[in-house]
Amino acid sequence: MEMNVSKSDEQVVARKAGGLNPAVIIPILLVIGICIWLFVLGSPGNFKADPRLAGASVAFSDVEGKEMHPEGFLGMIYMGGIIVPLLVTFMITVIVFSFERYFVLNKASGAGSVDNFVVKVRSLLNQNKIDEALEECDRQQGSVGNVVKEGLTTYKALAHDTTLNKEQKMVALNKAIEEATTLEMPMLEKNMMILSTLGTVATLVALLGTVIGMIRAFFALGAGGGTPDAAALSIGISEALINTALGIGTSAVAIILYNFFTSKIDGLTYKIDEIAMSIQQSFAEFH
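Within any chain, residue numbers begin from 1 and follow the written order of that chain's sequence. Predicted model: local features are reported for residues with pLDDT of at least 70 only, side-chain atom pairs are reported and counted for 80 or more only, and whole-chain, interface and lining totals are derived from all residues. Processing note: side-chain calculations cover all non-hydrogen atoms of the structure and skip hydrogens and water entirely.

## A look at unusual backbone geometry
Right, on to step 1. One non-glycine residue, Asn 128, lies in the positive phi region at around 60°.
Right, on to step 2. Numbering of helices and strands runs from the N terminus, with a helix taken as a DSSP run of H or I at least four residues long and a strand as a DSSP run of E at least two residues long. One can find Asn 128 in the loop between helix H5 (114-126) and helix H6 (130-140).
Right, on to step 3. Phi at Asn 191 takes a positive value of approximately 70°, unusual for a residue other than glycine.
Right, on to step 4. Looking at where Asn 191 falls in the secondary structure, it is placed in the loop between helix H8 (166-189) and helix H9 (192-223).

Shown next as C-alpha cells:
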C-alpha cells in the first residue's frame, strides 16, 4: 500500500533550499569585511600625525609624508594588520547567520506556543478526533505541525486500510513520522555548521595574527641592536593583542549562539518525538 503524503515535491525542495546560501553570502561578507578594514577602520580620521613616530613602522603616511598613529579605538583595530579583515569577516558572518537562524527557527516554531499545540493535539488524539487535530496542524504552520500532519494523514489512511495487519500498520505509521521528521531537520540545522566552525577557526586565525605581530615585535627588537625601536616594538605587540582580542571575541559569540540555537532545535525535536509517541499510542488504542 502506498501512503498518502501531504507534502508536494515543491514543498520539500523549498524546505531544503530555505535559508541563506553560504557559497554566495560568505564571499560577499568577505568583501564587506575588507571594505570595513580599509575605509572605516583605516579612515584618515582615525589617525593623527605624531613627529615622535618619524621613521617607525606605523599605519600609513599622509600626503605630507608625516607618520600617522591611531587616535581612537577604530584606528587601533586597523593596526592589527592584514589578519584583521578576516576576523572582521568572521564576526559579520556570525552575526548574519545568527539572525538567519533566529528567523528560520522562529518560523519553524510556528504560530502560538508549541507547548500548547502539543497539549491540544494530544488531547484530541486521546478522543480520536483526527480531523480536528489536522486542523490544529494547519493553524500551527511550523515544523512540529508539519510532522504531526504527515503522521495524522498516514494515520487516517491506515485506519481505513484492510490489507495490513495491526503490526504492519504501526511500522508504516512510524516510518511515515520518521520520514517527515527527516525532511524537516535539514531546514532546522542548515548553516549551524558555520557557527560551529567559526567558533574554532576564529581563534586559530587570531593566533596566526598574534604570531605575526610578535614576529614583528621581536624583529624590531633585534634590528635596533643595542637601542631597540620602542615605537616599532610596541606596534608589533599591539598588533598581536588586537588579533587575539578579535579572535577570542568572535569565537565566544559564535559558541554561545551555536549552543543557543542548538538548544532550540533540540526543543523542537523533543516536541516532535513527544507527539509522535502520542500518535502511535492513539493508533494502537483505537485501531
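On we go from here.
## Section: the nonpolar core
Right, on to step 1. Among buried residues, the Ala, Val, Leu, Ile, Met, Phe, Trp, Tyr and Cys ones that are joined through side-chain atoms within 4.5 Å form a nonpolar core. Each residue is assigned to one of three classes by its accessible area relative to the maximum for its type, calculated with a 1.4 Å probe on protein chains only: buried under 20%, partly exposed between the two thresholds, exposed over 50%. Counting 59 residues, the largest nonpolar core has Phe 117, Val 148, Leu 152, Leu 188 and Ile 279 as the members making the most contacts within it.
Right, on to step 2. At eleven residues, helix H10 (residues 230-286) tops the list of elements feeding residues into this core.
Right, on to step 3. Whether two residues touch is decided by their heavy atoms; if any such pair falls within 4.5 Å, the residues are in contact. Leu 188 has contacts with Arg 101, Leu 105, Ala 108, Ser 143, Ile 265 and Leu 268, leaving out every residue within four places of it along the chain.

## As for the side chain of Thr 89
Right, on to step 1. Looking at the element boundaries, Thr 89 is found in helix H4 (residues 84-109).
Right, on to step 2. Polar contacts, as counted here, are pairs of nitrogen or oxygen atoms within 3.5 Å of one another; within protein the pair requires one atom able to donate a hydrogen and one able to accept it, and residues that are adjacent in sequence qualify only if both atoms are side-chain atoms. Polar contacts involving the side chain of Thr 89 include one to the main-chain carbonyl oxygen of Pro 85, which spans 2.8 Å.
Right, on to step 3. With sequence-adjacent residues up to four places away left out, Thr 89 is seen in contact with Leu 29, Leu 30 and Gly 33.

## Looking at the side chain of Thr 93
Right, on to step 1. Following the sequence through the fold, Thr 93 ends up in helix H4.
Right, on to step 2. The contacts of Thr 93, once residues within four sequence positions are left out, are Leu 29, Ile 194 and Leu 198.

## Topic: the packing of H9 against H10
Helices that pack against each other are described as a pair by the angle of their axes relative to one another and the distance between those axes.
Right, on to step 1. For helices, the axis comes from a line fit to the C-alpha atoms of the stretch in contact; other axes are also lines fit to C-alpha atoms, and the angle between any two N-to-C directions lies between 0 and 180 degrees. For the pair H9 and H10, interaxial distance at closest approach is 7 Å and the crossing angle is 170°. Of the possible angle classes, the one that applies to H9 and H10 is roughly antiparallel. The labels follow the angle: roughly parallel below 35 degrees, roughly antiparallel above 145, roughly perpendicular from 65 to 115, and oblique for the rest.

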